[in-house]
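Here is what each chain is made of, one letter per residue.
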Amino acid sequence: MIRAVCCLALALCAGGALAHKPSDSYLSIAVDGDKLHGQWDIALRDLDFAIGLDSNGDGDITWGEVRSRHAEIAAYARARLTVTLDGTPCPLRATEHLVDLHSDGTYAVMRFEAQCAKPGAALELGYNLFFDLDPQHKGLLRLEYAGATRTAIFSPETARQRFELARPSRLMQFFDYSREGVWHIWMGFDHILFLLSLLLPAVLIRRARGAMAQPGLIRGWRAVDRFKPAFWEVFQIVTAFTIAHSITLSLAALGVITLPTRLTESAIALSVILAALNNLYPLFQRRRWMVAFAFGLIHGFGFASVLADLGLPRDALLLALVGFNLGVEVGQLVIVSAFLPTAYALRRTAFYQRMIFLGGSALICVVATGWLIERAFNLKLFVF
Amino acid sequence: MYALVTVAAPRVPTADTEVLERLPVRPNDPSMREIRELRDSLAREPQNLDLAIRLARRYFEQALAQGDPRYVGYAQAALKPWWDVRDPPTSVLVMRATLVQYRHDFPAALADLDRALDREPDNARAWSLRMVIHLVQADYEAARRDCAAFAPLVDELSATGCVAFIDGLTGGARKSLAALDRALARARDASAEQRVWLLERLAEMAWRLNDTKLAEQYFKRALALGITDGFLLAAYADFLLDYGRAPEVITLLKDWTLADPLLLRLALAEQAVNAPTARAHQATLADRYAAARLRGDTTHEQEESRFTLQMLNQPAEALRLALSNWRIQKEPRDARVLLEASLAARRPDAAQPVLDWMRETRIEDWYLQRLADQLANPRKGAP
């Protein structure tokens, strides 16, 4: 920390690190073909200095004061950012005004779109916000293109910058979406629990009515004798589930069918409940693959909403779809190949039959019921 | 699918009356009114040098009072017609030096000051700023020459203070403390700002000599003058933290969360007493340091080192920051940060530049000495 002796002699002191955060704006831009989506966070304090937001001069900037000036804020900001793609300007249009809290205060958040003539490879950004008022101001850019993110800093010396939008290789893109698919099935507990509910009984078979259980084991079920039938059962279930969700995932992703998320998410929760209940109070014993197929159709819509959130590249729609789907299958296969040998090895134990099979199914039932209530009534019960 | 993380998202407030931001200075505050008038006049005549310098100076005062670097940028903008020219007027050179040293560009500041003093050898403002920069760079010989040139141009208190300040760092602590104390008592017409500054220097001198009682007296006298001074608050907070008086730091600084250095001291105090707000303040600091890094700003390294060591417990990174800071600034506080980091990181070799500096200056600072002893004999335990 440095301060001048100055105070000894003069009113002027040299300053030092006794500082707030300096003035920065946060600009993020995502390039999607011939369209750019952006968000620009600009400190209210800076806007106030530039165009005066505190209309009543009481030292407080209220939402009302900001809201009444949105058109002006948008015009001021828009005039200070130019976007060109391959040399052709892409006009900016503000789409939404919000606010957000950063570490040093509240920022006006302007979301915008820029429409270019056609997709291109050379993006040029000209940033001139506040440089006339505060040459120390900096614009912090986050640029997203085809799954890659890069950052840059605009200052008066680097007000114009050019970015090469290198097309990522098809293969990389394919792997990116596959990875997302794997990740999604692992993180999407509802899909895992549904699958597990169907798989848990695969190493057991239903016994004829009246037959006595072995001591310590459960009534109505016995362990399979050989691996082959268990494997065959699992194979059928997984294949049916896969085919079904691939169909609806593709239809939804291509925009052929759209269903409200709340409906599909609730139906997914219901499917988990039914699959788990079926283990406790058997309804469908044979042909569990048909259950897997029917409900798999619903789960496909769930996958599609994730894919929509990720954003589909317009130029590689099919590639992304196949990649994501394949990722889901790989993720599924990993779970199954971990589950099946373990379950087979444990199938005769009371631990498996009572704790895992019955206890697990009951637990899944409870959790999924919670999900159903949450999703159907828009509540928040769980943290996951 | 369930989102596993919830991120703070932009929102649309519901009520028009919701206050989103409190401006640090009300627009009708006299200081702001003067600035506004100057700004309007300058807008009409942007080439008026006198107006530009006056406005830049007002902005810079705001930067110091509020600790807000925005005003440094505003000051620079006021000087725009002269900022990049090859041979600006002397007043612009001195002002430009003042603004660039704020962001620790000391070589550029010194170059401007040298040119200003070539033209106007009796520019006291330029000499005083030059002396301070030399002090921060630990170039005590150059600082002494600045003081000598500066003495005939200013009052006795300033001249004495200049020399005493250097002596206080280079082996003459007790003598210079006494001299400065006498000079202050004699100077009846010293302004309150001058007194605050001198009392703070005296407090730090006494503290370095481990005279806790005397240091406390000086701090209390400075605070009693009722002048808002972030540097004084930071120094007093450090003093209190050293003596385990964290609750007093919290009372002192709870309304100072906007200025990073004061927020750091507040967070350290809160951590010491396990206050519930400690975590939130730690997160805010981490955000601000990250933002500064993003914009390529290194002026906060000394404090970030302290933060990284004491709040994040990452000695290696703290040492990296402290070393980088020591290349630019060499004051006792910078020395302390480097010694503490090398001690925690078990890298006594990294502390060598500070140990050399201590030997050369013969600085009397019981705390630095203790840290140096521990580095030499690591088994003696932590302070």
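Residues numbered from 1 in each chain as written. Chains lettered and ligands numbered in written order. Predicted model: local features only at pLDDT ≥ 70, side-chain atom pairs only at ≥ 80, totals over all residues. Heavy atoms only, no water.

(A) Representation of the overall build of chain B within the structure. If you tally the helices and strands in chain B, you get 21 helices and 1 strand. Within chain B, the proportion of its 383 residues that are buried is 52%. By sequence separation, contacts in chain B at least 24 residues apart represent 54% of the contacts at least 6 residues apart. In the structure as shown, chain B presents an accessible area of about 17,400 Å², 51% of it carried by carbon and sulfur atoms. (Helix = DSSP H or I, 4+ residues; strand = E, 2+ residues; numbered from the N terminus. Buried < 20%, exposed > 50% of the residue type's maximum accessible area, 1.4 Å probe, protein only. Contact = heavy atoms within 4.5 Å. Areas by Shrake-Rupley, 256 points an atom, 1.4 Å probe, with all protein chains shown as cover.)

(B) Seen up close, the sheet that holds strand β10 (residues 148–154) of chain A. Residues and elements named next belong to chain A. Strand order in the open sheet formed by 6 strands is β6-β7-β2-β1-β9-β10, and the pairing between neighbours is mixed. Sheet topology places β6 (92–102) and β10 at the edges, where each strand pairs with a single neighbour. Taking the axes of each pair of neighbouring strands and ignoring which way they run, one obtains an average angle of 20° across the sheet. Sheet strands in contact with helix α3 (residues 70–78) are β2 (35–43), β6 and β7 (105–115), and its direction is about 105° off that of β6. (Pairing = 2+ DSSP bridges. Axes fitted to C-alpha atoms, helices over the stretch in contact; angles between N-to-C directions.)

(C) Seen up close, the pairing of strand β1 (residues 24–32) of chain A. Residues and elements named next belong to chain A. Here β1 pairs with strand β9 (residues 138–145) via 8 bridges, running parallel. Bridging across to β9, Val31 finds its partner in Tyr145. In this structure, β1 lies alongside β2, joined through 8 bridges in antiparallel fashion. Bridging across to β2, Ile29 finds its partner in Gly38. Connecting β1 to the antiparallel partner β2 that follows it, the hairpin turn spans 2 residues, and Gly33 within it adopts a positive phi of roughly 65°.

(D) Seen up close, the sheet that holds strand β5 (residues 88–89) of chain A. Residue and element names in this part refer to chain A. The 4 strands lie next to each other as β5-β4-β8-β11, forming an open sheet whose pairing is antiparallel. Every interior strand has two partners, whereas the edge strands, β5 and β11 (160–164), have only one. Here 5 bridges tie strand β4 (residues 81–85) to strand β8 (residues 122–127), and the two strands are oriented antiparallel to one another. Residue pairing for β8: Leu85 is matched across the bridge by Leu123.

(E) Representation of helix α14 (residues 246–253) of chain B in the model. Residues B:Ala246, B:Val249 and B:Leu253 constitute the buried set of α14(B). Taken end-on, α14(B) shows its buried residues confined to a sector of 50°, consistent with a single buried face. (Arc of directions from axis to C-beta.)

(F) Spotlight on the interface of chain A and chain B. Facing the 73 residues of chain A at the interface are 85 residues of chain B. Carbon and sulfur atoms make up 60% of the area that chain A and chain B hide from each other, which totals about 7,200 Å². Ionic pairing is found between A:Asp46 and B:Arg70, a salt bridge with its closest N-O pair at 2.6 Å. Summed over the shared surface of chain A and chain B, the number is 15 residue pairs in polar contact (both at pLDDT 80 or more). For the side of chain A that touches chain B, the element with the most residues is helix α1 (residues 44–51) of chain A, which contributes 5 residues. (Buried area = accessible area lost by both parts, 1.4 Å probe. Salt bridge = Lys/Arg side-chain N within 4 Å of Asp/Glu carboxyl O. Polar contact = N/O pair within 3.5 Å; in protein donor to acceptor, adjacent residues only side chain to side chain.)

Read these as layout, nothing more, since geometry by itself doesn't imply function.
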